[in-house]
Amino acid sequence: MTDIPAYTPEFSRPIDIRQAEGKATHRLDADAAEREALSARFGLVRIDRLAADLELERKDRKVEARGRIRADYVQACAVSAEDIAISLDEPVFFRFVPEAGDHTPDEEIELDSDDCDEIEYHGTHIDLGEAVAQSLALTIDPFLTGPEADNARKAAGIGTPEDSSPFAALKGLGLKK
């Protein structure tokens, strides 16, 4: 059996949960090498900026982080491959909770809406940078299309998504509203 190398996040900002006593504010900025590595991970042309301002509050062993994530990145159009500049400025909320060791790998787990915001951690450290990186990943539209997408479809002899929908055949019937 081969050893699986430990995963090292590209934008790691480990914080000891004991540093979240009361309310603590953290500013995170990804440097050029981190942004380049995240671009490769997420399939982006490049990330020009990735920053977050987070306020931490600890309640026992749970840590809540609230704030904003800001990013400027370039993504390729899913159809024409043209570069599309995206700016992101969104609120974020994370709840870090101690790792639960009471479930087995294939066990079905019931989640309520509050559980969806929870990130498990092991020991006494949470990784704010990886949480921010994952939030960025969730905002990326894998089917983003730019202004040249229709021209690229036509040049390739591909119709629009509307042309291949189950209702496309109804267009030709000439039905009026």
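For the structure, check the block above.
Description of the structure in this document.

Calculation rules
Residues numbered from 1 in each chain as written. Predicted model: local features only at pLDDT ≥ 70, side-chain atom pairs only at ≥ 80, totals over all residues. Heavy atoms only, no water. Pairing = 2+ DSSP bridges. Helix = DSSP H or I, 4+ residues; strand = E, 2+ residues; numbered from the N terminus. Axes fitted to C-alpha atoms, helices over the stretch in contact; angles between N-to-C directions. Polar contact = N/O pair within 3.5 Å; in protein donor to acceptor, adjacent residues only side chain to side chain. Contact = heavy atoms within 4.5 Å.

We now examine the sheet that holds strand 6 (residues 118–121). Taking strand neighbours across the sheet as the criterion, the 5 strands line up as 2-3-4-5-6 in an open arrangement whose pairing is mixed. Of all strands in the sheet, those bounded by a partner on one side alone are strand 2 (23–29) and strand 6. For this sheet the average axis-to-axis angle between neighbouring strands, irrespective of direction, equals 25°. With 13 bridges joining them, strand 3 (residues 46–59) and strand 4 (residues 62–76) adopt antiparallel strand pairing. Residue pairing in the sheet places I47 in a bridge with Y73 of strand 4.

Time to look at the side chain of E10. Tracing the chain through its elements places E10 in the segment before strand 1 (14–16). Here R41 takes part through its side chain, which lies 2.6 Å from a polar atom of the side chain of E10. For E10, the residues in contact, after removing those within four places along its chain, are E34, A37, L38, R41 and E130.

Let us look at the pairing of strand 4. Where strand 3 folds back onto strand 4 in an antiparallel hairpin, the turn is made up of 2 residues, including D60, whose phi is positive at roughly 60°. Two elements, strand 4 and strand 5 (residues 83–98), share 14 bridges in a ladder whose sense is antiparallel. What sits directly across from A76, in strand 5, is D83. In this antiparallel pair of consecutive strands, strand 4 and strand 5, the connection spans 6 residues, and A81 shows a positive phi of 70°.

A word on unusual backbone geometry. Look at D60: it is not a glycine, yet its phi comes out positive at around 60°. Checked against the element boundaries, D60 lands in the loop between strand 3 and strand 4. For A81, which is not a glycine, the phi torsion comes out positive at approximately 70°. For A81, the position within the fold is in the loop between strand 4 and strand 5.

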